[in-house]
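A structural walkthrough
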Amino acid sequence: MKVIKLKSNGLGRYEDVSPFLVTDNRLEIKVELPSFNGEFYLITENNGKTDKRLLPQDGTVTIEGLTAGELNASVKHYVKGALIREYKVEPLLLKEADGNLSAMPELAGLKAALNALGQEYAALSEELSKYKEKAAAQIERLNNNVSALILFAYKDYNTNVFLGGGTVDGFVNGFGFALGEEEIKLLNGGNKND
């Protein structure tokens, strides 16, 4: 038997949120009713099949004919035929499991899914961080190699009589380089990191 506690905020929660089996497509539940005058009705809906029944004093009922999907329920409190309050019960997720149904309150299912996603996110974030470090190292290596090639090309340009020699500006403008300050400093004889 699964116990549903009605909260003062208008919600109904399952007392035990761990997954459980529903055998023979029947679920016995007990709604812990507040000590108010009036009548309490349990309204359930499972895959389009709706049921409304008066709850006895002890709040125990059996819901039959359940199928895989979602079991939605609410408890309505009436006094002299007037609706006083409605308690929405958290949905129960029902999944097919070896001829029976596996049930789990939706909020517990969502928490479990959220925890799994959090763990997956943490693992992916750590993996991404490693790739970022590798990419940064690769980019630094490529930048150093490109700078070395530009310096080699400039030295060849400056000393090779067939290329005409010339200044850094002539080299940069003549070949259409788009160099930054560090590369220009390197060509003028300074260190790239100075």
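Residues numbered from 1 in each chain as written. Predicted model: local features only at pLDDT ≥ 70, side-chain atom pairs only at ≥ 80, totals over all residues. Heavy atoms only, no water.

1. Some words on the overall build of the protein
Broken down by element type, the protein carries three helices and 10 strands. Counting helices and strands in the order they occur from the N terminus, the protein gives β-β-β-β-β-β-β-β-β-β-α-α-α. On C-alpha atoms alone, the protein measures out to a radius of gyration of 36 Å, which is more than a quarter above the 16 Å that the 2.2 N^0.38 rule sets for 194 residues. Overall, the C-alpha framework of the protein stretches about 105 × 40 × 30 Å when taken along its three principal axes. In the protein, the proportion of contacts linking residues at least 24 apart, taken out of those at least 6 apart, comes to 53%. Carbon and sulfur atoms provide 53% of the accessible area of the protein, an area that totals close to 12700 Å². Taking the average place of the 22 positive charges on the side chains of the protein and the average place of its 27 negative ones, the gap between the two points comes to 7 Å. (Helix = DSSP H or I, 4+ residues; strand = E, 2+ residues; numbered from the N terminus. Rg over C-alpha atoms; globule rule 2.2 N^0.38 Å. Contact = heavy atoms within 4.5 Å. Areas by Shrake-Rupley, 256 points an atom, 1.4 Å probe, with all protein chains shown as cover. Lys, Arg positive; Asp, Glu negative; His and termini not counted. Charge placed at Lys NZ, Arg CZ, Asp CG, Glu CD.)

2. Some points on the pattern of salt bridges
Summed over all chains, the structure comprises eight salt bridges. Of the charged contacts in the structure, one is a salt bridge between Lys5 and Glu32, with a shortest N-O distance of 3.4 Å. Here Lys5 is found in strand β1 (residues 2-6), whereas its partner Glu32 is found in strand β4 (residues 27-32), with 27 residues between them in sequence. The exposure class assigned to Lys5 is partly exposed, which follows from its relative accessible area of 29%. Look at Glu32 and you get partly exposed, because its relative accessible area is 34%. Put simply, Lys5, Glu15 and Glu32 are held in one network by salt bridges that share partners. (Salt bridge = Lys/Arg side-chain N within 4 Å of Asp/Glu carboxyl O. Buried < 20%, exposed > 50% of the residue type's maximum accessible area, 1.4 Å probe, protein only.)

3. Notes on the pairing of strand β5 (residues 39-46)
Residues in a regular strand point their side chains to alternate faces of the sheet. Pairing of β5 with strand β8 (residues 69-79), which is carried by eight bridges, proceeds in the antiparallel orientation. Paired with Leu42 across the strands is Val75, a residue of β8. Two elements, β5 and strand β6 (residues 49-54), share six bridges in a ladder whose sense is antiparallel. Across the sheet, the residue bridging to Asn46 is Lys49, located in β6. Once β5 ends, the chain turns through two residues before running back antiparallel as β6, passing Asn47 with a positive phi of about 55°. (Pairing = 2+ DSSP bridges.)

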